[in-house]
Every structure is written in C-alpha cells, then in structure tokens.
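# Architecture at a glance
Chain by chain, the residues:
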Amino acid sequence: MVTSFGRSGPTHPRLGAAGASIARPVLARYAARHQFYGPDSAYARERGVGFVDKLRRGETLYLLGIGPAGHDSGIALIEVSQDAGTNLICNNEEERYSGVRHCTDYPRQSLAALLALMHERGISPSQIHACLASWNYIELGTTLLRAALEELPASRVFFDPVNFTQMNARLVDRALRTPRVLGRQLGLPGPMPIIGMRHHDNHAYFSWAVSPFAGSADPVIVTVLDGIGDDGAISLYVARGNQIRRVYRNGDIFDSLGGFYSMISATQGGWTILSSEGRYMGSTAWGDGDRMTNRYYRRLRELFHFTDDGTVRLNRALANWPRSLLARPYTAALQDLLGAPIPASKMWNPDAVMRVDPGGGSVDAPERFDKAAATQLVFEDALFHIVGHMIRATGSSRLVLTGGTALNAIANMRLMQHFNSGFYERALGRQQTTLHVWVPPVAGDAGVAAGAAYQFALANGARPGQSLQHAFWCGVPATERDITGALESAPEIGWISLGSIASHDGCERVADLLAFCIMQDGVLGLFQGVAETGPRALGHRSILANPCNRHSLETINRLVKFREPFRPLAPMLTLDAAQRCFDLQEGASDDGYNAYNYMVLTVRARPEAVQRIPAVVHRDGTSRIQIVRPSDAFTYAYLKAMGRRCGVEASVNTSLNVAGPIVQTPRQALDALRRSRAMDGMLLIGAADEAFLAWHTATIGPKDGGYRLRAWLHQWEGQGVAPMAAARG
C-alpha cells in the first residue's frame with residue numbers, strides 16, 4: 001500500500017495469502033502424523049476437557065512446556081490445582097547447559113535436569129497431563145512461507161537457512177518431529193503428543209499471571225511487542241479478574257518494533273541479531289539523545305507510519321529487510337541516511353566502528369552512537385504511541401510489558417516518565433493518574449515454554465497462582481559433591497572450604513569475607529543455589545566488584561568479560577540503599593517495588609550514587625538496578641556487609657560468563673574463572689550450604705596465582721575472625 005509516508009505492506013499479498021491457505025492444512029496433516037497438533041485441534045480440545053474435569057475433582061495437574069527448536073529452546077514444568085492456582089516449578093534454558101547463546105537445539109540437557117528434579121519430588125512423567133510448545137509451529141511455518149511468497153523474487157534468500165538461522169523451515173520441521181524424541185527421553189512407550197500454542201499468547205498469559213496485577217478487578221493492559229510471532233509481530237491484550245483476552249494483532253511479521261531494533265543494531269553496531277540489541281541499547285548513552293538535535297532521528301522516524309488505531313506500519317520504501325533480510329537490508333534511501341550496512345560476514349568486530357575511551361569520555365565514531373540514540377528514540381516513539389492508544393481505549397493505569405523488546409530497560413523507564421509527567425493527562429483533559437508498569441525477568445523467548453503451559457492452564461479455567469518474587473527457576477542447586485568434584489578435577493585451580501553458611505553466624509562470616517575482598521578491589525564470582533532464568537544475573541550466577549571504584553568498569557569490560565568499553569555495569573542493592581541512591585518511580589512501586597527485582601528497568605541516579613558508587617552509574621546518569629530481598633539470604637547478607645564496609649549496601653553485579661551464556665554448572669563456573677584475565681576468585685555454595693573459595697593458580701599477568709586473594713584472606717582473619725580451613729588443590 002502506497003501512502004503519503006511511504007509504502008507499507010507486502011508486494012504480492014494475494015500470492016502470499018494463496019500460498020498460506022494451501023500450506024496450512026498440509027502442514028497440519030504432516031504435523032498430526034508426528035503427533036504435533038494445533039491449539040484448535042481435536043486433540044487440544046480433548047486435553048482441555050480432561051484438564052477441566054480433573055481440576056474440578058480437586059486433582060493436582062502437571063503441564064510440560066517445551067521450546068523444541070528455534071532460538072532459546074528450553075523446558076518448563078508448572079503445577080496447577082484449585083487451591084494454589086497455577087505455579088511455576090522450573091524453567092530450564094538449554095543455552096545454560098550447552099554453552100551456546102540462544103541455543104536452537106532440542107532441549108535434551110534441560111529435560112534431563114528436569115527429570116532429575118521430578119524424580120526428587122516424586123513426580124512421574126506419566127503424571128504430565130499435556131505438553132505445550134512455545135510456538136504454534138504449524139502457523140509459524142505457514143507464516144514464513146507467506147512472507148517469502150509476498151516479496152518474490154527478492155525473497156528467495158528466505159529459503160536459505162543461513163539467512164534465517166534462528167528460525168527457519170528446517171527448525172520448524174524438527175519441532176514438528178519432536179514428539180517421538182520427547183517420548184523416548186521421558187521413558188514413555190510411544191511419542192509424547194505436543195500442542196503448539198500461539199507464541200504471543202504464551203508471552204502474555206505468563207507475564208500477566210505472575211505479575212502483581214493478576215486478579216485485579218480493574219483492567220490491565222498487556223503488550224507483546226516482539227521480533228516475530230507465529231502470525232504477527234504485535235499483540236495487545238486486556239486482562240480483568242482472572243481472565244485475559246487478546247484485542248489486537250497486527251498480522252505482519254515485518255511491522256515489527258523488535259525487527260527494526262534488531263536489524264539496525266546488527267547492521268550499524270556490528271553484532272549478530274539477538275546479540276546486538278542489548279549492546280546497542282547500552283551504547284545510546286554515548287550518542288545525542290535529544291530529538292531536537294540528533295541529526296538522524298527525524299529521517300529515521302520515517303521508517304514507521306503511526307496509524308490512528310494505535311499501531312505502526314513499517315515503511316518498505318526505506319526498509320528492504322522484508323524482501324532480503326540481512327543479504328540486502330537497506331534501500332538506497334536508507335543507505336543514504338545511515339551509510340552502508342555492516343554485512344553479516346564482518347559482524348562481531350564492533351570495536352572497528354564503535355570506539356570510546358570511558359576514562360577520558362571521548363568517542364572515536366560519534367556518528368555511530370548518534371545513530372544508536374536515534375534508533376532508541378524512534379523505538380520509544382512507537383512504544384509510547386501504542387501504549388497511549390491502549391490507555392485511551394481502556395482507561396487502564398496498569399501495564400505489563402512483555403515480548404523481547406520489553407528488555408529495553410531504558411525505554412521502560414522513559415515510558416513511565418512520559419505517562420507520569422502529567423503532560424499526557426493535561427493534553428487529554430483528564431485527571432492525572434500514575435501508570436504502573438511491570439516487566440517479567442523472562443520477557444524474551446526464554447519465557448515462552450513456561451508461557452505455553454500457563455496459557456493452556458488459564459484458558460481452561462485455572463486461576464493464576466503466586467506472583468513472581470524472584471527469578472531463580474533454572475535447574476537445581478549444585479550439591480557439595482558436584483562442587484568438590486569440579487574443584488578436584490579442574491586444572492590449575494586452588495581452593496579451600498569456608499564451612500557452612502546454614503547458620504546465621506556462618507552466613508554473616510562468609511558474607512563479610514566476600515565484602516572485605518570486594519572492597520580491596522577484588523573481582524569475584526558468586527555461584528549459588530538455583531540459577532536465574534532470563535538474561536540477567538541476579539546474585540546466583542554473578543560476578544561482583546567494588547561499586548565505589550570507577551575503574552571497576554574498565555577492569556571488568558577489558559580484563560574479565562572482554563567486552564565493549566561503552567557497556568555499563570549494573571548494581572545490586574538492598575531496598576533501603578536503592579531508595580537512598582536512586583529515584584525509584586511510583587509506577588514501579590507495586591508489591592514493594594517488585595519491578596526492580598529483575599534488572600529490567602533503569603532509574604535516575606541521585607548525587608549520592610554518582611559520588612559514592614560511580615562504577616554503576618552509566619554515562620547518562622542512569623542505572624539498571626536490582627533490589628535484593630532478605631529471602632535471598634546470602635546475597636542480602638553480603639550487601640549488608642558491603643554497607644558496613646563502604647557505607648552503601650550495594651555491589652557491582654554482572655553475569656557470571658566469559659564470552660558465552662550465563663554459567664549453569666560448577667565446571668562451567670570454574671572454566672569462566674580460568675578464561676578471565678582478572679577475576680580473583682570464585683565463591684561456590686552448595687545445596688547443603690557448604691561454601692568453597694577457589695582461585696586460578698596461573699601466574700600469567702595480571703593473574704598472580706591467587707596470591708592477592710589468599711593475602712586478603714589472611715588480612716581478614718587478622719581482624720579477629722576465626723581462621724578458614726587450609727588450602728586445597
């Protein structure tokens with residue numbers, strides 16, 4: 001469609017529609033032969049009826065969620081009952097076990113870990129009422145074919161999996177064949193039938209059900225703004241009481257805010273898609289964030305038409321990726337604005353185009369950072385447009401953001417600032433109200449396996465269970481045997497046992513030792529308990545450092561994680577410290593500021609934070625904070641010890657990984673310790689609360705074979721505490 005703003009919609013919509021109408025029933029029959037079914041199939045209805053009947057009889061039911069193929073594969077298990085509602089048991093991400101970011105493999109290792117947990121809890125695979133998939137792969141396959149047909153001949157590149165590595169026809173086929181593999185691993189006599197659930201509904205049902213707003217008598221808006229779904233890129237919902245309903249979907253996978261951000265961040269930042277977005281967001285603070293002066297913003301905004309019905313349409317007169325993906329993503333007009341796109345073959349060398357000197361504050365390539373800032377501003381404009389329309393249509397003041405773009409922590413903060421400034425209400429002649437916002441820790445596709453199970457349960461009469469209080473749902477805690485086995489078999493690792501932290505005194509003692517080492521400008525890993533699910537480390541798989549030393553940023557970026565110098569560090573804090581050091585927004589105050597538990601919102605730093613903990617304040621004066629609660633006993637004790645040591649109950653907290661996913665196992669943690677050049681040690685805590693301190697014995701600079709760490713230990717013991725055990729290894 002040609003409009004005054006450009007051109008929206010596909011070139012050959014009728015060809016695409018005809019192809020989809022043929023492909024959909026063919027794919028459905030093919031899938032059914034492998035016992036993979038759609039959400040409206042007879043099998044899905046039969047499972048739904050059986051679920052309702054069992055629930056009415058007071059039975060406890062178990063539902064398995066699975067991401068069988070495509071990026072962020074994984075496995076989840078939920079428990080449902082009349083009394084307790086719908087509750088998460090685990091959400092295992094395959095990338096944590098495989099060591100491959102955004103893993104597309106069948107989640108074999110995740111399922112093995114789940115089976116061990118089920119055995120421990122006395123749950124048999126035969127008790128699983130239904131297995132639900134993270135995508136309706138039948139519809140997804142149809143949509144991908146339709147998208148290719150709509151833009152022929154340029155879209156022939158769609159048929160090459162190299163150009164669609166994270167989700168393509170090969171992966172769809174593998175997903176449809178999963179029931180046999182799954183049944184075999186579960187120990188069943190035959191295939192485990194799978195029901196494919198609509199992808200955006202999975203995001204929406206889970207995120208709303210575990211939010212502080214579930215069960216509210218007032219309307220709650222839920223937005224799913226994604227890269228792609230199985231039948232569109234934007235879906236909008238309204239929830240009230242224990243019911244949620246979809247009120248809009250856009251139907252075109254390229255009218256996508258996530259797709260826009262991914263494409264620009266990859267082709268202008270120099271990373272691959274799914275690894276580019278968060279990095280690009282972090283770089284925006286180095287660019288011109290003023291809509292009045294940014295030289296790229298006004299023309300880049302022409303990439304979208306903001307419609308009267310509150311949605312957005314991609315301008316295909318500028319964007320060429322709906323036709324050629326990364327092979328030729330820009331039209332001549334867009335290339336004239338942004339310059340030539342970085343080709344896929346030259347990605348993963350961002351220092352070639354985005355260089356900064358954090359110490360001196362200089363920028364070598366300011367135009368690259370200005371483009372990043374412009375991209376962020378355009379994304380925020382579209383987000384405000386969509387949310388504003390939903391507020392006007394529903395009168396709601398509660399919002400759940402989910403889908404991959406909800407991990408844009410800067411936009412989430414600015415969204416609340418925009419709608420809570422009073423200007424919006426004055427313009428509409430309305431009384432000012434506060435927009436309350438919540439974002440789950442697994443807003444991206446790591447959460448849709450659990451979401452599929454939640455959707456099935458809630459759509460069949462179950463009610464939401466407990467709201468989310470933490471994100472520790474991935475895997476099981478490592479045992480003392482797991483940890484000592486890893487320590488004893490690891491080359492070049494020295495270690496000591498620190499004793500138990502099960503008692504209050506033991507916990508306080510080890511926490512104070514950790515705080516002492518950090519305040520000597522040490523950098524230590526912390527490995528404990530069940531791992532976090534989602535992309536943020538939240539104190540169970542973390543690297544800790546001194547927030548008071550501004551040089552901690554350079555040390556971690558350059559010598560620990562080997563990442564771009566413009567990327568910020570985030571703080572973990574107690575609630576008291578967060579309220580002292582940062583401007584927490586009223587819109588995130590529900591359930592004791594629960595929205596700040598997961599590092600999905602940024603906040604403005606107060607002068608005390610800038611002065612006392614400069615390592616965790618970004619160039620633009622913001623921080624992506626995490627509030628730690630007393631229920632996470634050891635991490636909370638550590639922050640209290642930091643308060644006694646430095647005057648602020650805060651710490652640098654970044655994910656425990658070195659050029660890979662967040663670690664899952666003790667062996668992976670020790671491997672990260674070895675690979676890092678400047679991590680002084682690793683604190684590992686087992687399931688029975690036994691604590692161990694490990695270090696790398698190599699003496700390749702700046703590593704000193706653990707000399708500094710052991711010297712700190714002796715200094716700490718010299719302060720009058722009981723000595724630790726003798727060194728091992």
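Going by the structure above, here's the rest.
In short, a report on the structure.

## Description of the sheet that holds strand β22 (residues 582–583)
Strand-to-strand pairing in sheets goes through backbone hydrogen bonds, with the strands running parallel or antiparallel. Pairing in this open sheet of three strands is antiparallel, and the strands run β22-β23-β24 from one edge to the other. Of all the strands in the sheet, just β22 and β24 (622–624) have a single pairing partner and so form its edges. As judged from the three bridges shared by strand β23 (residues 602–605) and β24, these two strands associate in the antiparallel manner. Bridge pairing in β24 places T602 opposite R624. On the sheet, helix α15 (residues 409–419) packs against β23 and β24 and is oriented at approximately 70° with respect to β23.

## Focus on the packing of aromatic side chains
Geometry of an aromatic ring pair is reported as the spacing of the ring centres plus the angle between the planes. As enumerated under the stated definition, the model contains 15 aromatic pairs in all. Summarising the aromatic geometry, the rings of F384 and F419 are spaced 6.3 Å apart at their centres and angled 80° between planes, so their arrangement reads as edge-to-face. In this pair, F384 is assigned in helix α14 (residues 366–394) and F419 in helix α15, connecting sequence segments 35 residues apart. For the pair shown, F384 and F419 are each scored as buried. Ring-pair connections join several aromatic residues into one group, and the members of that group are Y261, W271, Y280, F369, F379 and F566.

## Digging into the pattern of salt bridges
What the rule picks out here adds up to 33 salt bridges. Residue E508 is joined to R644 by a salt bridge in which the shortest nitrogen-to-oxygen separation is 3.4 Å. Remark: R644 occurs in helix α24 (residues 633–646) and E508 occurs in helix α19 (residues 504–519); sequence separation between them is 136 residues. Under the relative-accessibility criterion, E508 is labelled partly exposed at 23%. What you see here is one network of salt bridges that share partners, running through R198, D201, D231, R246 and R249.

## A closer look at the side chain of H436
Within the secondary structure, H436 is located in strand β17 (residues 436–438). Accessibility expressed as a relative area gives 17% for H436, which makes it buried. Within polar-contact distance, the side chain of H436 engages the side chain of D590 at 2.7 Å.

## A few points about the packing of α19 against α24
The contact between α19 and α24 brings their axes to 8 Å, and the two run at 50°. Compared by their axis directions, α19 and α24 come out oblique. Between α19 and α24 the crossing geometry is right-handed. Contacts from C507, E508, V510, A511, D512, L514, A515, F516, I518 and M519 of α19 reach α24 at A633, F634, A637, Y638, A641, M642, R644, R645 and C646. Classifying every residue of the contact of α19 with α24 gives 15 nonpolar, no polar and four charged.

## Examining the packing of α14 against α15
At a minimum axis distance of 10 Å, the contact between α14 and α15 shows a crossing angle of 50°. Looking at the two axes, α14 sits oblique to α15. Read as a crossing pair, α14 and α15 show a hand that is right-handed. Judged by residue contacts, Q376, L377, F379, E380, L383, F384, V387, G388 and I391 of α14 engage I410, A411, R414, L415, H418 and F419 from α15. Tallied by class, the residues present in the contact of α14 with α15 amount to 10 nonpolar, three polar and two charged.

## A few points about the pairing of strand β26 (residues 650–655)
Along β26, six of the six residues are buried, which leaves the element largely enclosed by surrounding structure. Bridging between strand β20 (residues 541–545) and β26 involves four bridges; their strand directions are antiparallel. From the neighbouring strand, S542 faces β26, where its bridge partner is S655. Pairing of strand β21 (residues 570–573) with β26, which is carried by four bridges, proceeds in the antiparallel orientation. Counted as the bridge partner of P571 is V652 from β26.

## Notes on unusual backbone geometry
The residue after L152, namely P153, is reached through a cis peptide bond having omega 5°. The omega angle of the peptide bond from G701 to P702 is 5°, so this bond is cis rather than trans. Here P702 shows up in the loop between β28 (690–696) and α26 (707–717). Backbone geometry at Q35 places phi at a positive 65°, although glycine is not the residue there. Of note, Q35 is situated in the loop between α1 (13–33) and β3 (36–37). Of note in this structure, L325 is not a glycine but carries a positive phi near 50°.

## Points about the sheet that holds strand β4 (residues 61–67)
Read across the sheet, six strands follow the order β3-β8-β7-β4-β5-β6 without closing on themselves; strand pairing throughout is mixed. Both outer strands of the open sheet, β3 and β6 (85–93), are each paired with one neighbouring strand and no more. In terms of strand pairing, β3 meets strand β8 (residues 194–196) through two bridges, oriented parallel. Directly across from F36, in β8, lies its bridge partner I194. Each of β4, β5 (74–81), β6, β7 (128–133) and β8 is contacted by helix α17 (residues 448–459), which is oriented at about 160° to β6, the strand it contacts most.

## Considering the nonpolar core
Grouped together as the largest cluster of nonpolar side chains are 235 residues, with contacts concentrated most on L63, Y137, L182, L303, F582, F634 and Y638. Top contributing element to this core by residue count: α14, with 13 residues. Apart from the residues lying within four places of it in its own chain, the contact partners of Y137 are F36, P68, A69, M167, V172, A175 and L176.

Here is what the cut-offs are and how they apply
All residue numbers refer to positions counted from 1 along the written sequence of the respective chain. Where local features are concerned, this predicted model is filtered to residues with pLDDT of at least 70; where side-chain atom pairs are given and counted, the filter is 80 or more; whole-chain, interface and lining totals use all residues. For side-chain calculations, the full set of non-hydrogen atoms in the structure is used, while hydrogens and water are omitted. Any two strands are treated as partners once DSSP identifies two or more bridges connecting them. Only DSSP runs of H or I covering at least 4 residues are called helices, and only runs of E covering at least 2 are called strands; the numbering of each starts at the N terminus. In this description, contact between two residues means that some pair of their heavy atoms is separated by no more than 4.5 Å. Whenever a helix is involved, its axis is fitted only over the stretch in contact; in every case the axis is a line through C-alpha atoms, and angles between N-to-C directions fall within 0 to 180 degrees. Classification of ring pairs rests on two measures: the distance between centres of Phe, Tyr or Trp rings, Trp counted by its six-membered ring, which must be within 6.5 Å, and the angle between planes, read as stacked under 30 degrees, edge-to-face over 60 and tilted in between. Categorising residues by exposure relies on relative accessible area from a 1.4 Å probe, with only protein chains included: less than 20% of the type maximum marks a residue as buried, more than 50% marks it as exposed, and the intermediate range marks it as partly exposed. The rule for a salt bridge is simple: a side-chain nitrogen of Lys or Arg has to be within 4 Å of a carboxyl oxygen of Asp or Glu. Polar contact criterion, stated in full: a pair of N or O atoms within 3.5 Å, where within protein one must be able to donate a hydrogen and the other to accept it, and residues adjacent in sequence count only if both atoms are side-chain atoms. Under this scheme an angle from 65 to 115 degrees is roughly perpendicular, one under 35 degrees roughly parallel, and one over 145 degrees roughly antiparallel; angles in between are oblique. Should the near helix be turned counterclockwise from the far one by less than a right angle, the crossing is left-handed, whereas a clockwise turn marks it as right-handed. Under the convention adopted here, Pro, Cys and the residues Ala, Val, Leu, Ile, Met, Phe, Trp and Tyr are nonpolar, Asp, Glu, Lys and Arg are charged, and Gly plus all remaining residues are polar. Buried residues of nine kinds, namely Ala, Val, Leu, Ile, Met, Phe, Trp, Tyr and Cys, make up a nonpolar core once their side-chain atoms join them within 4.5 Å.

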